[in-house]
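Structure assessment
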Amino acid sequence: RRHRRRAKSEVLRLEHVAGAELEGAVDDVSQLAEVARPPKPVLAPFDWSNAVHQALRQFEKQAADRSVVLTSRIAPNVSVTGDTQKLHQVLLNLLLNAAEACSERGTVSVSLSKTEDGGGRLIVADSGLGISDGDLNRIFEPFYTTKSSGSGLGLAVVKSIIDEHCGTISVESRKGEGTRFTI
C-alpha cells in the first residue's frame, strides 16, 4: 500500500509538472500565432495614462520579486486611439524584458508624455545589461533571443502590435549600461 501511495503521489506530481510544461508550450504557440497572424486591433480612443498606471500596478509584484526598483512619470490625460489590450500587452512585455535585464537593485523606469501632434510617447528604460550592437539589429526578429530560456517572440509581438497601430518603436542600448525603448 505504501508503494501504491508513493506511486500515486509521483503520478500526481508528474501530471502537475506536465501540465505546467503544457501551459508554457501553449503560451509559446499563442505568441507565435500572434506574430504569424495577429487578429486585427480593435481601435478606439482611450486614456493611455490610465492604462499605463494599471499595467504598472499589475507589474509591481514582479518587479519587487526581482528586487527591481520601478519608477514612473506619467503625464495625465494622454489620450490615443488604439487597442487597449494589445497596447497593455506591449507594455507588459517591455517591462518584463527590462526587469529580466536588470540585476538586483536595478531600475526600470516608465514615462508617458503627450506629443505635439496630440498622440503619446511611451518610454521604457532599464539599467540592465544592455544589448550588443550585433544583437540590436535582430531583437525584433521572431525566435531571436540571447536568453537561456524564452521563445524569442516577445519583442517580435511588440513590434507587430506597434506596426498594426501605425506607430513606431525605437531602441537605444549600450552593453553594460541599459536599454531604452521608445514608442
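Let me begin by describing the structure that accompanies this report. (Residues numbered from 1 in each chain as written. Predicted model: local features only at pLDDT ≥ 70, side-chain atom pairs only at ≥ 80, totals over all residues. Heavy atoms only, no water.)

**Some points on the pattern of salt bridges**
- For the coordinates displayed, the defined rule picks out six salt bridges.
- Ionic pairing is found between R66 and E100, a salt bridge with its closest N-O pair at 3.7 Å. Of this pair, R66 sits in the loop between helix 2 (48–65) and strand 2 (69–74) while E100 sits in helix 3 (residues 84–101), and the two are 34 residues apart along the sequence.
- On the basis of relative accessible area, R66 is assigned to the partly exposed category, the value being 36%.
- The residue R180 makes a salt bridge to E172 at a minimum N-O spacing of 3.9 Å. (Salt bridge = Lys/Arg side-chain N within 4 Å of Asp/Glu carboxyl O. Helix = DSSP H or I, 4+ residues; strand = E, 2+ residues; numbered from the N terminus. Buried < 20%, exposed > 50% of the residue type's maximum accessible area, 1.4 Å probe, protein only.)

**Here we look at the sheet that holds strand 2**
- Sheet architecture is open: five strands sit in the order 2-4-5-7-6, paired in mixed fashion. Both outer strands of the open sheet, strand 2 and strand 6 (170–174), are each paired with one neighbouring strand and no more. Ignoring which end each strand starts from, the neighbouring axes of this sheet average 10° apart.
- Relative to the sheet, helix 2 contacts strand 2, strand 4 (107–114) and strand 5 (120–126), its axis offset from that of strand 2 by approximately 175°.
- Helix 3 rests against strand 2, strand 4, strand 5 and strand 7 (178–182) of the sheet, and its axis sits at about 20° to strand 5. (Pairing = 2+ DSSP bridges. Axes fitted to C-alpha atoms, helices over the stretch in contact; angles between N-to-C directions. Contact = heavy atoms within 4.5 Å.)

**Considering the nonpolar core**
- In this structure, W48, V52, L95, L122 and V124 are the most contacted members of the largest nonpolar core, which totals 38 residues.
- Elements supplying a minimum of two residues to this core: helix 2, helix 3, strand 4, strand 5 and helix 5 (154–164).
- At eight residues, helix 3 tops the list of elements feeding residues into this core. (Core = buried A, V, L, I, M, F, W, Y, C linked by side-chain atoms within 4.5 Å.)

**What to know about the pairing of strand 4**
- With six bridges joining them, strand 2 and strand 4 adopt parallel strand pairing. Bridge assignment links S72 to a residue of strand 4, and that residue is V110.
- One ladder, built from seven bridges, connects strand 4 with strand 5; its direction is antiparallel. Among the inter-strand pairings, S111 is bridged to a residue of strand 5, identified as I123.
- Hairpin connection from strand 4 to strand 5: five residues lie between these consecutive antiparallel strands, with G118 at a positive phi of about 90°.

**Here we look at helix 3**
- When the terminal C-alpha atoms of helix 3 are compared, their 26 Å separation across 18 residues agrees well with the 26 Å that a helix rising 1.5 Å per residue should span.
- Taken residue by residue, helix 3 has K86, L87, V90, L91, L92, N93, L94, L95, A98 and A99 as its buried positions.
- Capping the start of helix 3 is the job of one residue whose side-chain oxygen sits 3.1 Å from the backbone nitrogen of Q85: D83. (Expected span 1.5 Å × (residues − 1). Polar contact = N/O pair within 3.5 Å; in protein donor to acceptor, adjacent residues only side chain to side chain.)

**What about unusual backbone geometry?**
- The backbone of S67 sits at a positive phi, close to 55°, despite the residue not being glycine.
- For S67, the position within the fold is in the loop between helix 2 and strand 2.
- With relative accessibility at 24%, the residue S67 sits in the partly exposed group.
- The backbone of C166 sits at a positive phi, close to 55°, despite the residue not being glycine.
- As for its position among the elements, C166 is in the loop between helix 5 and strand 6.
- Classification of C166 as exposed rests on a relative accessible area of 74%.

**Quick look at the environment of D117**
- Positionally, D117 belongs in the loop between strand 4 and strand 5.
- Taking the relative accessible area as the measure of exposure, D117 reaches 70% and is therefore exposed.
- Here the side chain of D117 touches T115 through a polar contact of 2.4 Å, side chain to side chain.
- A distance of 3.0 Å separates a polar atom in the side chain of D117 from the backbone nitrogen of G119.

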